[in-house]
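# Per-entry structural report
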Amino acid sequence: ALHQRLWNSRSLPGMFRRRDFLHFHRTVAHRFSDKGWLRLYFLSSNGTDLAALYGFRYGQKFLYYQSGFDPEWKIYGVGKALLYETILDSIRNGLKEYDFLRGAADYKLDFTTTFRRTREILLAKDRRTLSLYLLQKGLKRRAKDSLKRALPQGLSARLKQLRDHLVVR
């Protein structure tokens, strides 16, 4: 709910807006909880949740998945404060790695300068299919780059934010 409230305040849809996506994560959360992998953190004041963070512990690693905070509390940094506490909790529990997963969101830069690249592996039944796919992908990339150059910078950044939250994950 905090994640949705935050993104709705930005006029963006948020990740948990679709019922099937939410159902999937509820199912995963229950199964991961049964295995001891689920981690839910909350920062509260007077019984009201101000920030939440949803992640997983697997082996010696914490995997940060999603978070949110009450937008009315943004100036107090409740989201970053909770993130900081989850990092400390991971250290206290002897974990070897805190993984922000994919993406280079600005808040991550406050905690790390190390990034992993996401790799794509393509498998095709023949060279022709692969060539057509790569041609289409290259044309799409060039069209996107041209559009980015043509749009005002602020609009381009806003469209990127919107795209990042509309992608089906």
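About the criteria used
Residues numbered from 1 in each chain as written. Predicted model: local features only at pLDDT ≥ 70, side-chain atom pairs only at ≥ 80, totals over all residues. Heavy atoms only, no water. Pairing = 2+ DSSP bridges. Helix = DSSP H or I, 4+ residues; strand = E, 2+ residues; numbered from the N terminus. Axes fitted to C-alpha atoms, helices over the stretch in contact; angles between N-to-C directions. Contact = heavy atoms within 4.5 Å. Right-handed = clockwise from strand over helix to strand, strands pointing away. Buried < 20%, exposed > 50% of the residue type's maximum accessible area, 1.4 Å probe, protein only.

A word on the sheet that holds strand S4 (residues 97–99). Read across the open sheet, the four strands follow the order S1-S2-S3-S4; overall the sheet is mixed. At either end of the open sheet lies a strand with only one pairing partner, and these are strand S1 (38–45) and S4. Averaged over neighbouring strand pairs, the angle between their axes works out to 25° when direction is ignored. Alignment of S1 against strand S2 (residues 48–58), held across eight bridges, turns out to be antiparallel. Bridge pairing links Phe42 to Ala52 in S2. Across the sheet, helix H1 (residues 2–9) is in contact with S2 and strand S3 (61–69); its angle to S3 comes to roughly 55°.

Looking now at the pairing of S2. Two successive antiparallel strands, S1 and S2, enclose a turn made up of two residues, where Asn46 displays a positive phi of approximately 50°. Bridge analysis of S2 against S3 gives eight bridges, and the strand direction is antiparallel. Residue pairing in the sheet places Leu53 in a bridge with Ser67 of S3. Taking the residues that link successive antiparallel strands as the turn, the S2-S3 hairpin has two residues, and the phi of Gly59 there is positive, at about 60°.

Attention now moves to the pairing of S3. Bridge analysis of S3 against S4 gives three bridges, and the strand direction is parallel. Residue pairing across strands places Lys61 opposite Glu97, the latter belonging to S4. Chirality of the crossover, the property in question, places the unit of S3, helix H3 (residues 78–92) and S4 among those that are right-handed.

This part is about unusual backbone geometry. A positive phi angle, close to 50°, is found at Asn46, a residue other than glycine. By the element assignment, Asn46 lies in the loop between S1 and S2. Among the residues examined, Asn46 registers a relative accessible area of 80% and is labelled exposed.

On their own, these measurements won't tell you what the molecule is for.
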